[in-house]
Structures are given as C-alpha cells and as structure tokens.
Amino acid sequence: MMESRARSATPPGGIAPALPPAQIATVHEVIARLQEQPGALLPILHGVQDALGHIPDGAVGPIAHALNLTRAEVHGVLTFYHWFRREKPGRHVLHLCRAEACQAVGATALEQHAQRTLGTDFHGTSVDGAITLEPAYCLGNCACGPSLLLDGELHARVTPQRFDALIAAARKA
Ligand code: FES
C-alpha cells in the first residue's frame, strides 16, 4: 500500500463526528433546495459534494431524516457510487480514466506513473495535500486518450511528461 492520507469514514452504525456549523448550514441548504425532487437522494449527495468537496459522515443523518430513509440506506448509496467522496479532498482533484479505450493507448502505464509520482493509490491524496487521485470509467473522450480530468477540466492524449507538467502547474496554483 502506498503512503497517502488515511481514510477514516464512519460505518453506518457508528457515531459520526459533529459537523462545523458552516457545513451543517450548507447541508441543510442543499437538502431544502432539492428534497422535493423525485429521487432526491442522488441530487442531494451531488449537491453536498459540489458544495463541500466531499460528503462528510455528519451529513448522512440529516439527509436520511429529510428523506425518511435510514442512515444505512443513505450510506449504502453513498458507498455504491465511486464518484462520491467521503473524505476531504486535496486542493486539486484528478480523475484518471481507467476504461478500455484509454487503456488501449497507455492509460495503465499512466496510472502507474500517477500513483508513483503522487505517492498514493486511487481514492487517496498526496501527502502534501495537493492532489487527490480518483478513478474514472470513461470521460467521453475515448478517441483522444489517455484522458484525465483535473479540477473538472478535460485533458487528452496525456503522456507521463504531460502529466508531470499538469501536476507541477497545479501544485503552484
Ligand atoms: S475510455 Fe477513457 S475517455 Fe472513454
């Protein structure tokens, strides 16, 4: 296992740490805005992650309560989708495509380079807190792989050298 910041998410039956007041307010604002939508759970989870960068354990209870679900049900959805992040991310989030078309043009080697360079596995953050590495399973850019998203911006035909340049620029930003 590579060195990276530890994950310490609370299991569904555990006691979640209290959220800071600002985060509580944000979670409740997202819930209030979206809870009347049909199938509101996923939009709320996306909304909380968009607002806070992750979905803290302390958000699960309020979401479950608002939607008349159990905490275990919310937790189950939260952990089913790889897109949702339960730990605070680094300053930048990098999604590296691991799907077939990108693998055919070098994504596996790029993945190994990324993990070695950042010193973390997928779902982890470099020890300097700069970059969180997440997997993606097709970014809709199959003809121009290997592809990655860095802070939501798509980059195509990424070589290890280009990867290093992108990371260096991100670290300076
Ligand atoms: S397979 Fe990587 S963008 Fe589609």
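Figured I'd write up the structure that's included with this text.

How each quantity is defined
- Residues numbered from 1 in each chain as written.
- Predicted model: local features only at pLDDT ≥ 70, side-chain atom pairs only at ≥ 80, totals over all residues.
- Heavy atoms only, no water.
- Helix = DSSP H or I, 4+ residues; strand = E, 2+ residues; numbered from the N terminus.
- Rg over C-alpha atoms; globule rule 2.2 N^0.38 Å.
- Buried < 20%, exposed > 50% of the residue type's maximum accessible area, 1.4 Å probe, protein only.
- Contact = heavy atoms within 4.5 Å.
- Areas by Shrake-Rupley, 256 points an atom, 1.4 Å probe, with all protein chains shown as cover.
- Pairing = 2+ DSSP bridges.
- Salt bridge = Lys/Arg side-chain N within 4 Å of Asp/Glu carboxyl O.

## Section: the overall build of the protein chain
A count of helical and extended segments in the protein chain gives 7 helices and 5 strands. Going from the N terminus to the C terminus, the protein chain shows its helices and strands as α-α-α-α-β-α-α-β-β-β-β-α. Here the protein chain has a C-alpha radius of gyration of 17 Å; the compact-globule value for 173 residues is 16 Å, and the two agree. For the protein chain, the C-alpha atoms occupy an extent of roughly 50 × 30 × 30 Å along the three principal directions. For the protein chain, the proportion of its 173 residues judged to be buried stands at 44%. A separation threshold of at least 6 residues defines the contact pool for the protein chain, and within that pool the share at least 24 residues apart is 65%. A total accessible area of about 9100 Å² is found for the protein chain, and carbon and sulfur atoms account for 58% of it.

## Regarding the pairing of strand β3 (residues 131-136)
In terms of residue burial, β3 counts as a mostly covered element, since 6 of its 6 residues are buried. Burial along β3 is two-sided: Ile 131, Leu 133 and Pro 135 facing one way and Thr 132, Glu 134 and Ala 136 facing the other are all buried. The sheet contact formed by strand β1 (residues 92-97) and β3 spans 6 bridges and is parallel. Its bridge partner being in β3, His 92 is matched across the sheet by Ile 131. Alignment of strand β2 (residues 124-125) against β3, held across 2 bridges, turns out to be antiparallel. Across the sheet, the residue bridging to Gly 124 is Leu 133, located in β3. Linking β2 to β3, which pair antiparallel, is a turn of 5 residues; within it Gly 129 sits at a positive phi near 75°.

## Observations concerning the pattern of salt bridges
A side chain of one charge can pair with a side chain of the opposite charge if their charged atoms are brought near each other. A full pass over the atoms with the stated rule returns 5 salt bridges. A salt bridge links Glu 134 to Arg 85, with the shortest nitrogen-to-oxygen separation between them at 3.0 Å. Remark: Arg 85 occurs in the loop between α4 (71-80) and β1 and Glu 134 occurs in strand β3; sequence separation between them is 49 residues. Its relative accessible area of 5% is what places Glu 134 among the buried residues. Salt-bridge contacts for Asp 128 lead to Arg 171; the nearest nitrogen and oxygen are separated by 2.8 Å. One end of the pair, Asp 128, is in the loop between β2 and β3; the other, Arg 171, is in helix α7 (residues 160-172), with 43 residues separating them in the sequence. By relative accessible area, which is 32% here, Arg 171 ends up partly exposed.

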